[in-house]
Amino acid sequence: MTAAPTTDGVLVDRYGRVARDLRVSLTDKCNLRCTYCMPAEGLPWLAGPQLLADAEIVRLVRVAVERLGVTEVRFTGGEPLIRPGLVGVVGAVASLTPRPRISLTTNGIGLHRLAPALRTAGLDRVNVSLDTLDRARFTTLTRRDRLADVLAGLAGAAAAGLTPVKINSVLMRGVNDDEAPALLRFALNHGYELRFIEQMPLDAQHGWDRTTMVTADEILGALGQEFDLTPDPAERGGAPAETWLVDGGPARVGVIATVTRPFCGDCDRTRLTADGQVRNCLFATEESDLRGALRAGADDAELARRWQAAMRVKRAGHGIDDPSFLQPTRPMSAIGG
Ligand code: SF4
């Protein structure tokens, strides 16, 4: 019988998966209104006092890095670039020992302006969301005419050395699913790494429909019309993206097939929301409150213990295919990628 993994200093769940990759949502607000994410009028945003202050975020990340074995920190949102104290938070996390790898998921708006300061503060790399190269289609999809800003953000990130610059693209049937080859060609021409993401049931409107989701097989089929894709020999580990070499490599393309090719068995992620809740899974329907304990004076050991307890009960997977599947009440815009 294998000995139960020690829980000292790690975030381990009942299946033995160890979380080392912390996703931190810095805000639930966003400056875009993507149709597959939220309604045009936005959402009832978290109120100021509910939000963790910069120092509280840094403290919880420090606990995760110093006491719980977290080695990767990804800042997300909503849109993290609109958080006023972002550069300071990145700098504080970069000064932690051991130093975690720090990345950021963003819609790219304003990135061309902030990239140099974020790089200097210690940001290592970025993922930028881009679902279309067509200005009119971008404006329809996001309800904002900001494609030029996103493209400038990508170029600014590359120029600042926030590499590899990764692009996240969500394809929707009859909307932008004809753009898969063009998006890959664009990424190859600019040296960006492209990941297609299957649309997930995490929208605020609860309108997700499996039949309109473009599957990994369909994406690979469309790419295979123009590119020679071969399986990537590199070790995948807990990474969400399955990757292929394009035309013999070294360029790669990835697909994050959460729905049709789930990768929960190797999941190494833990999440902290902007209002201080631990989510042990993207699709968790329950959360554990750290903000309350922190503000009530809990010490680092207590915060670490509560975080471990939250992860221990993580479910085996997202259960999207289960008849009992329940979409989380918290939308993706308040969880982050
Ligand atoms: S759905 Fe949950 S368990 Fe599965 S990979 Fe995502 S976060 Fe991990």
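Above this text is the structure in question.
This write-up is about the structure you can find in this document. For clarity, every value in this text was computed on a predicted model and none was experimentally measured.

Let's talk about the packing of helix α2 (residues 86-94) against helix α3 (residues 111-121)
Interaxial distance between α2 and α3 falls to 8 Å at its minimum, and their mutual angle equals 20 degrees. On the basis of their axis angle, the class for α2 and α3 is roughly parallel. The two elements α2 and α3 cross, and the hand of that crossing is right-handed. In this structure, α2 uses Leu86, Val87, Val90, Gly91 and Ala94 to contact α3, whose residues at the interface are Leu114, Ala117, Leu118 and Ala121. Per-class residue counts for the contact of α2 with α3 are eight nonpolar, one polar and no charged.

What to know about the packing of aromatic side chains
One pass over the structure, following the stated rule, counts two aromatic pairs. Ring geometry for Phe186 against Tyr192: centres 5.9 Å apart, planes inclined by 55 degrees, an arrangement best described as tilted. Given a relative accessible area of 15%, Phe186 falls into the buried group. On the basis of relative accessible area, Tyr192 is assigned to the buried category, the value being 8%.

Thresholds applied
Residues numbered from 1 in each chain as written. Predicted model: local features only at pLDDT ≥ 70, side-chain atom pairs only at ≥ 80, totals over all residues. Heavy atoms only, no water. Axes fitted to C-alpha atoms, helices over the stretch in contact; angles between N-to-C directions. Helix = DSSP H or I, 4+ residues; strand = E, 2+ residues; numbered from the N terminus. Parallel < 35°, antiparallel > 145°, perpendicular 65-115°, else oblique. Left-handed = near helix turned anticlockwise from the far one by under 90°. Contact = heavy atoms within 4.5 Å. Nonpolar A, V, L, I, M, F, W, Y, C, P; charged D, E, K, R; others polar. Phe/Tyr/Trp six-rings, centres within 6.5 Å; stacked < 30°, edge-to-face > 60°. Buried < 20%, exposed > 50% of the residue type's maximum accessible area, 1.4 Å probe, protein only.

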